[in-house]
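# An overview of the molecular structure
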Amino acid sequence: MTPFDVAHHSKPTATGPTLIDGFGRTVRYLRVSVTDRCDLRCVYCMAEHMVFLPKAEVLTLEELDQIASTFVGLGVKKLRLTGGEPLVRKGFMGLVENLSRHLNSGALEELTLTTNGTRLAQFAKDLVRFGVKRINVSLDTLDPVLFKSLTRGGDLAQVMAGLDAADAAGLAIKINVVALKDTNEAEIPAMISWAHGRGYDLTLIETMPLGDTGEDRTSQFLSLAKVRETLSSFWTLTDIPLQTGGPARYVRIEETGGRLGLITPMSHTFCEACNRVRLTCTGVLHTCLGHEDEMDLRAVMRGPKGPAGLENAIRLAIAGKPEGHDFHISEGSAPTLARHMSRTGG
Ligand code: SAM
Ligand code: SF4
């Protein structure tokens, strides 16, 4: 898609302009991948020997701020920084500090991040200082040996130290667990008990066919309908009508008193309430995780119009946000989408 002037798809409201797509959905949530790099190599996310992008292709911290701030000016209320691993990007805390001006002004309601937790011991305090209140930490197992193999070399103790630091700093935590057949499948109840015992929410995620990881997708896929059935055989799961505009459905587990989220992109559709878009670390805007539609905001920003061209390009992309996604996992098939989650941002 090339940007050109379009009729404005934004409605002025009492609180400022609003981005509304062609299906009447208001976009209020932007996820930004700040790097494609990571200190781990999770088997469902990356290939063992990933080739990372040349630096020139990745947005500078200033460009990331510029795009994110344009979205905030267009009514986005929630910003999630992700990656790759956001905390490995040099200068990342400076970006968080700069973006916190939108929290201070009241334009932004939430600034948050998704992290693998390995560097939280170093950064948790600063995150809180810059207005971050909640974070998502991805952790698929509490077994150090399995953690090492799932992440191809990671050290669980580092993540645990990170969680302790995040607790001490006062961050609210949600643990994200990718449910993997025959891998962490049996450990899921223990992980839920552990997380709820520490006062964390926990969300289970089905694997999505994003990018070639060198692993067989069909052997990894575990349906959360099946997990729910198993959990229901010994726990009482009560649906809670928490509508986040995101893909998670929530239940309360009466026995643990905690909340469990279930993200089931493969077995459910959640597109009708979708309020989010994603920016890759190269500046490509994806308005749907399950489609190849894209708008190259880096080209716009580095082009003749410069940052002044961003607003129209964003409006054009939002106007074309697809109605819904379409994933397939079939044996031996190529991933539905060639891009890796680490580039798109989970
Ligand atoms: N490195 C950070 C982390 O792991 O939290 C942030 C980026 S990571 C790409 C964001 C989320 O995407 C993680 O929770 C990860 O488990 C999830 N993820 C990565 N690849 C996935 C896949 N193929 N299917 C489902 N979830 C995936
Ligand atoms: Fe890194 Fe996160 Fe992908 Fe794991 S899921 S390889 S931690 S980006």
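In this text, all values refer to a predicted model and were calculated from it rather than measured experimentally. For every chain, the first residue of the written sequence is number 1, and numbering continues from 1 along that sequence. Lettering for chains starts from A, numbering for ligands starts from 1, and both go in the order in which the items are written. In view of the model being predicted, local features appear only for residues whose pLDDT reaches at least 70, and side-chain atom pairs are presented and counted only at 80 or more, with totals across whole chains, interfaces and linings using the full set of residues. Computation of side-chain values: all heavy atoms of the structure, hydrogens and water removed.

Turning our eyes to something else, we now look at the site of ligand 2. It suffices for a single heavy atom of a residue to lie within 4 Å of a molecule or strand for the residue to be listed as near it. Cys38, Leu40, Arg41, Cys42, Cys45, Met46, Gly84 and Asn116 make up every residue found near ligand 2. Of the residues that constitute the shell around ligand 2, the class distribution is 5 nonpolar, 2 polar and 1 charged. Ten residues, namely Ala, Val, Leu, Ile, Met, Phe, Trp, Tyr, Cys and Pro, are considered nonpolar, four, namely Asp, Glu, Lys and Arg, are considered charged, and the remaining ones, Gly among them, are considered polar.

We define a salt bridge as a side-chain nitrogen of Lys or Arg found within 4 Å of a carboxyl oxygen belonging to Asp or Glu. All chains considered together, the criterion is met by 13 salt bridges. One salt bridge connects Lys78 with Glu110, and the closest N-O pair in it is separated by 3.5 Å. One end of the pair, Lys78, is in strand β5 (residues 78–82); the other, Glu110, is in strand β6 (residues 110–115), with 32 residues separating them in the sequence. Neither residue differs from the other here; Lys78 and Glu110 are each classed as buried. A salt bridge links Asp167 to Arg198; the shortest N-O distance between them is 2.9 Å. Taken together, the residues Asp167 in helix α5 (residues 156–169) and Arg198 in the loop between α6 (188–197) and β9 (201–206) connect sequence positions 31 residues apart. For every residue, the accessible area obtained with a 1.4 Å probe (protein chains only) is divided by the maximum for its type, and the residue is called buried under 20%, exposed over 50%, and partly exposed between those limits. Here Asp167 falls in the partly exposed class, since its relative accessible area comes to 32%. One salt-bridge network, held together by shared partners, links Lys78, Glu110 and Arg134. Secondary structure elements follow DSSP: runs of H or I no shorter than four residues count as helices, runs of E no shorter than two count as strands, and numbering proceeds from the N terminus.

In this fold, Lys321 is placed in the loop between α10 (310–319) and α11 (341–344). Lys and Arg are tallied as positive, Asp and Glu as negative. Neither His nor the chain termini are counted. Among buried Asp, Glu, Lys and Arg side chains, Lys321 stands out as unpaired, with Asp21 the closest opposite charge at 5.2 Å. Here a residue-residue contact requires only that any non-hydrogen atoms of the pair lie within 4.5 Å. Not counting the four nearest positions on each side in its chain, Lys321 is found in contact with Asp21, Phe23, Arg25, Val27, Cys274, Arg276, Val277 and Thr287.

Looking at helix α8 (residues 224–232), one finds that the buried residues are Leu224, Val227 and Leu231. For α8, the buried positions fall inside an angular range of 50° around the axis, keeping them on one side. With a side-chain oxygen positioned 3.1 Å from the backbone nitrogen of Ala225, the residue opening α8 is Ser223. What the arc covers is the set of directions going from the helix axis to the C-beta atoms. N or O atoms closer than or at 3.5 Å make up a polar contact, with two conditions inside protein: a donor-capable atom paired with an acceptor-capable one, and, for residues adjacent in sequence, both atoms drawn from side chains.

Moving on, we get to the environment of Ala308. By the secondary structure assignment, Ala308 is in the loop between α9 (297–302) and α10. A sequence separation of 238 residues divides Ala308 from Thr70, and the C-alpha atoms of the two residues are 9.6 Å apart.

Attention now goes to the site of ligand 1. For ligand 1, the set of nearby residues contains 19 residues, the closest of which are Tyr44, Gly84, Glu85, Ser138 and Met208. At a separation of 3.2 Å, a nitrogen atom of ligand 1 approaches a polar side-chain atom of Glu85. Take Thr115: an N or O atom from its main chain is 3.2 Å from an oxygen atom of ligand 1. Each accessible area is a Shrake-Rupley estimate made with a 1.4 Å probe; only the visible protein chains count as cover when residues are assessed. Protein contact buries 95% of the 540 Å² of open area that ligand 1 shows by itself. When residues of the shell around ligand 1 are traced back to their parent elements, those giving at least two are β6, β8 (172–179) and β9. Split by residue class, the shell around ligand 1 holds 6 nonpolar, 10 polar and 3 charged.

Our next topic: the sheet that holds strand β4 (residues 29–33). What makes two strands pair is DSSP finding at least two bridges between them. A sheet is described by the order of its strands in space; here 12 strands give the open sequence β10-β11-β12-β9-β8-β7-β6-β5-β4-β13-β14-β15, paired in mixed fashion. Two strands lie at the open edges of the sheet, namely β10 (237–240) and β15 (295–296), each paired on one side alone. Relative to strand β11 (residues 248–253), β10 runs antiparallel, the two being bridged by 4 bridges. Of the residues in β11, the one forming a bridge with Ile240 is Tyr250. Only the stretch in contact is used when a helix axis is fitted, and all axes are lines through C-alpha atoms; the angle between N-to-C directions ranges over 0 to 180 degrees. Strand contacts of α6: β8, β9, β11 and β12 (258–263), with the helix running at about 150° to β9, the strand carrying the most contacts.

Attention now moves to the packing of helix α3 (residues 120–129) against α5. Remark: α3 packs on α5, axes separated minimally by 8 Å, with the N-to-C direction vectors making an angle of 20°. Here α3 lies roughly parallel to α5, going by the angle between them. Crossing of α3 against α5: the hand is right-handed. Here Leu120, Ala121, Ala124, Lys125 and Val128 of α3 lie close against α5, whose contacting residues are Ala161, Gly162, Ala165, Ala166 and Ala169. Its residues assigned to classes, the contact of α3 with α5 shows 8 nonpolar, 1 polar and 1 charged. Here is the rule for angles: anything less than 35 degrees is roughly parallel, anything more than 145 is roughly antiparallel, 65 through 115 is roughly perpendicular, and the remaining ranges are oblique. Note on convention: the crossing is left-handed when the near helix lies turned anticlockwise from the far helix by less than a right angle, right-handed when the turn is clockwise.

It is worth spelling out the confidence of the model for the chain at this point. Summary of the metric used: pLDDT quantifies the predictor's per-residue confidence within the range 0 to 100. Across the chain, the average pLDDT comes to 87, with 84% of residues at or above 70. With pLDDT under 50 throughout, residues 1–15 is counted as low confidence; its partners more than four residues away or in other chains account for 30 contacts. Low pLDDT, under 50, characterises residues 329–335; the predicted model gives this stretch 12 contacts beyond four residues in sequence or across chains.

Attention now goes to the pairing of β11. Of the pairings in the sheet, the one linking β11 to β12 comprises 6 bridges and is antiparallel in character. Residue Ile253 lies in a different strand from β12, and its bridge partner there is Gly258. Remark: 4 residues form the turn of the hairpin made by β11 and β12, two consecutive strands paired antiparallel; Gly257 in that turn has positive phi of roughly 75°.

Right, let's get into the packing of aromatic side chains. Pairing of aromatic side chains requires ring centres within 6.5 Å, counting the rings of Phe and Tyr and the six-membered ring of Trp. Pairs whose planes differ by under 30 degrees are stacked, by over 60 edge-to-face, and all others tilted. Overall, the coordinates contain 2 aromatic pairs when judged by the stated rule. With a centroid separation of 5.9 Å and an interplanar angle of 80°, the aromatic rings of Trp194 and Tyr200 are classed as edge-to-face. Look at Trp194 and you get buried, because its relative accessible area is 19%. Look at Tyr200 and you get buried, because its relative accessible area is 3%. Where Phe234 meets Trp235, the ring centres are 5.2 Å apart and the plane angle is 70°; that geometry is what we call edge-to-face. Judged by its relative accessible area of 41%, Phe234 falls in the partly exposed class. Criterion for a charge above a ring: Lys NZ or Arg CZ within 6 Å of the ring centre, and within 35 degrees of the ring normal. The positively charged end of Lys78 is found above the aromatic ring belonging to Tyr29, 4.9 Å away from the centroid. Lying across the ring of Tyr250, Arg259 places its NZ or CZ 5.7 Å from the centre.

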